[in-house]
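Structure assessment
Chain by chain, the residues:
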Amino acid sequence: MLDNHDRPLRPAKLWNDTESAPQARELCEKIAPEEWARLTGSVPGPAMTISKLAWTEQNYPGLLEKAHRIMLPFDYLVYRLSGSFVCERGGASGTGYFNPFTNSWEPQLAAVVNSQIDWISRWPTIIPSHQPAGVVKLMPELEELAGAIVGVGTGDNMSAALGMNLKTGDTGISIGTSGTLYGITRKGITDSTGTINGYADAADRFIPMITTLNSAKVTDTFRKMLRVTPDEFDELALSSPPGANGLQLVPWLDGERTPNLPDATGHM
């Protein structure tokens, strides 16, 4: 969120910040989950930008009205490098106010957060995922890059799907900070339960996805607790008999996104 001098109004809230869980629930009370899914392919959860805007409105009244531009962090980098205030469908489909079926913004959804704001004027222009955003501006410490083409970018899993050349029928699994399971479809997916996010990909298709908030961060947390290296941790895991002698771990260390349990904690 930038003011009219392009200065951040407050630190950006990232996808894994679950503080906006109450606001996500309120959004689904104001507009039915079925309608959210129909218009955006997803149902608001703490990870969605729309929930974070609602959190900002409640916790910092008046701040959204001061915002001259509202964008995702990677769109901000594109803007700083090229001066182009643009975005593309892959990243935009995680905001909660972008329609991946029509490739357009849905300002009436953000109006439930604040009906006095001209939302369209604050959001980036949507361009095709393959289209350059512009070129690097001449700026201090980046003189050698001046004139280089700046891509508009896309979401991380959308990039991975392109890199792996995923096609309809293929399944991608990513185990990182979060865990994702996704595929490629020609037709958009809607799930009013919120379990599946019907995101847009970066090739004019769709990338329905299930996301867990806790993944490799869980194994890394316990590795650090045991004070062992990654290789030593692997050896310990492989040396344990199947079933780990009855030990079970509910790995919701940071709450969980699927299922939607933002206040959950780990339990053994």
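The protein carries the name Carbohydrate kinase FGGY N-terminal domain-containing protein in an unreviewed UniProt entry, which gives Solanum lycopersicum as its organism.

A few points about the environment of H5
In this structure, H5 sits in the segment before α1 (21-30). For H5, a relative accessible area of 56% gives the class exposed. Each C-alpha atom, one on H5 and one on H68, is 8.4 Å from the other, the two residues being 63 residues apart in sequence.

Considering the sheet that holds strand β10 (residues 206-212)
Strand order in the open sheet formed by 4 strands is β7-β8-β10-β9, and the pairing between neighbours is antiparallel. Looking at the sheet topology across the chains shown, the edges are occupied by β7 (171-175) and β9 (197-200). Neighbour-to-neighbour, the strand axes of the sheet open up by a mean angle of 25 degrees, direction not taken into account. Where β9 lies against β10, 4 bridges are found, and the strand directions are antiparallel.

Things to note about the nonpolar core
Counting residues in hydrophobic clusters, the biggest one holds 36 residues, and the most contacted among them are I50, L64, I70, W119 and I207. Elements with a contribution of two residues or more to this core: α1, α2 (33-40), α3 (49-59), α4 (63-66), α7 (107-110), α9 (156-163) and β10. Filtering out sequence-adjacent residues up to four positions away, I50 remains in contact with L27, W36, P44, T95, G96, Y97, L109, A110 and V113. The next biggest cluster of nonpolar side chains, apart from the first, holds 7 residues, and it includes V78, I127, A133 and V152.

Conventions adopted
- Residues numbered from 1 in each chain as written.
- Predicted model: local features only at pLDDT ≥ 70, side-chain atom pairs only at ≥ 80, totals over all residues.
- Heavy atoms only, no water.
- Helix = DSSP H or I, 4+ residues; strand = E, 2+ residues; numbered from the N terminus.
- Buried < 20%, exposed > 50% of the residue type's maximum accessible area, 1.4 Å probe, protein only.
- Pairing = 2+ DSSP bridges.
- Axes fitted to C-alpha atoms, helices over the stretch in contact; angles between N-to-C directions.
- Core = buried A, V, L, I, M, F, W, Y, C linked by side-chain atoms within 4.5 Å.
- Contact = heavy atoms within 4.5 Å.

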